[in-house]
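Structure at a glance
Okay, here's what each chain looks like letter by letter:
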Amino acid sequence: MGKQRVAQLAYSEFQSAMLDEGKRRRKAAKIIAVLEHFRGPLGGLTVADIGCSAGFIADELAQAGAKHTMGVDIDVPGLRKAADRFGGRVAFVCGDGTALPFPDGSVDVLVFNHIYEHVVDPDAVVAEMHRVLSDDGVLYLGLGNRLGIMEPHYKLPFLSYLPPAPADRYVRAFGRADHYYERFRTRRGLRRMLRAFHVWDYTFPVLATPTKFAGGELFPGVLGKVVRTVLSRTPRAVLRLLLPVVPTYLWVATKRPSRPVGAALPQPPERVRPL
């Protein structure tokens, strides 16, 4: 029988990227830009960052004008750091994503950014986010793809393709970890996970026009300009062929049918076909 999977406690203690303030705030700027393109300014809204760790993204959400901002995590050391620095603007809660401490339909905006692969039961967390999201609310999702070639946490090619036992041996052989905890899903699996929502895909809009979404260039300099031009002009039918192996999907989900309110883009957001 396989080893039982348990929650990753104190994640920020062994994953230094969670404490990289500059990188986390740049991620927050992109998240906010996507949310504002989809539904408009965050002013006056109730916002929650699920899996907030040290609180940098939650702090940026608060500074973007949210009326009430909350951060939820089981990472106690990260939450202590967050509360010490940002507790005046953000309410931080130690809580499990499968039992969010919010009433039904009480949150206008939820952020779930690169978290699902770390939790024991992502389907239960998604169901809880559906419960607490308001009828007109928006859920931002940064979702790693199992078929992305380079695994993002350990930087080992094809790691996420492997079953648990070979993946454990792989990370040990390269001295990266004692075992491989994360569990990614394919695009099809992610669509199934989000089947209760109406989902829009912002992956290609962000890649093709990064400056519109407070993002850096995919490639620097002249090469970056060429890549952006190619992405912005390539027919969407061709880009769709790449979707199964895109390393990260940027999705926006709602409980009711909705549409982006932002300006037209060279590569516009598209509906994700439900399963």
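Structural data are supplied above this passage.
An account of the accompanying structure is given in this report. Note that the coordinates shown come from a computational prediction; the quantities given were computed from them, not determined experimentally. Residue indices follow the written sequence of each chain, beginning from 1 at its first position. In keeping with the predicted nature of the model, local features appear solely for residues at pLDDT of at least 70, side-chain atom pairs appear and are counted solely at 80 or more, and the whole-chain, interface and lining totals rest on all residues. In computing side-chain values, all of the structure's heavy atoms are included and hydrogens and water are not.

1. As for the overall build of the protein
Our working definition: Put simply, DSSP marks the helices as runs of H or I at least four residues long and the strands as runs of E at least two long, and each gets a number from the N terminus on. Each radius of gyration reported is based on C-alpha atoms, and the globular scaling rule is 2.2 Å times the count of residues to the power 0.38. Think of it in three bands: with a 1.4 Å probe and only protein chains considered, a residue is buried below 20% of the maximum accessible area for its type, exposed above 50%, and partly exposed in between. Note on contacts: a residue pair qualifies if any of its non-hydrogen atoms lie within 4.5 Å across the two residues. Here the accessible surface of atoms and residues is derived via Shrake-Rupley with a 1.4 Å probe, and residues count as covered only by protein chains that are part of the display. In this tally, Asp and Glu contribute negative charge and Lys and Arg positive charge; neither His nor the terminal groups of the chain are included. Charge placement uses NZ in Lys and CZ in Arg. For Asp and Glu, CG and CD serve respectively.
What the protein contains, in helices and strands, is 10 helices and eight strands. For a compact globule of 275 residues, the expected C-alpha radius of gyration is about 19 Å, and the protein comes in at 18 Å, within 12% of that figure. Judged by the C-alpha coordinates and their principal axes, the protein covers about 50 × 45 × 40 Å. Across the 275 residues of the protein, 48% fall into the buried class. The contacts of the protein with a sequence gap of at least 6 include a subset with a gap of at least 24, amounting to 73%. Counting only carbon and sulfur atoms, one obtains 58% of the accessible surface of the protein, whose full area is about 13200 Å². Treating the 38 positive side-chain charges of the protein as one cloud and the 26 negative ones as another, the clouds have centres 8 Å apart.

2. Quick notes on the pairing of strand β1 (residues 46-50)
Going by this rule: One requirement defines pairing of two strands: DSSP has to find at least two bridges between them.
Counting buried residues in β1 gives five out of five residues, a clear majority hidden from the surface. Along β1, one buried face is formed by Thr-46, Ala-48 and Ile-50 and the opposite face, lined by Val-47 and Asp-49, is buried too. Across three bridges, the pairing between β1 and strand β4 (residues 107-113) is parallel. Residue pairing for β4: Val-47 is matched across the bridge by Val-109.

3. Describing the sheet that holds strand β6 (residues 198-201)
Short version of the rule: Every angle, taken between N-to-C directions, lies between 0 and 180 degrees, and every axis is a line fitted to C-alpha atoms, over only the stretch in contact when it is a helix.
The strand order across the open sheet formed by eight strands is β3-β2-β1-β4-β5-β7-β6-β8, and the pairing between neighbours is mixed. The open sheet has two free edges, formed respectively by β3 (91-94) and β8 (270-271), since each of these has just one partner strand. The strands touched by helix α2 (residues 21-39) are β4, β5 (133-144), β6 and β7 (248-254); relative to β5, the strand with the most contacts, the crossing angle is about 140 degrees. Each of β1, β2 (68-73), β3 and β4 is contacted by helix α3 (residues 56-63), which is oriented at about 170 degrees to β1, the strand it contacts most.

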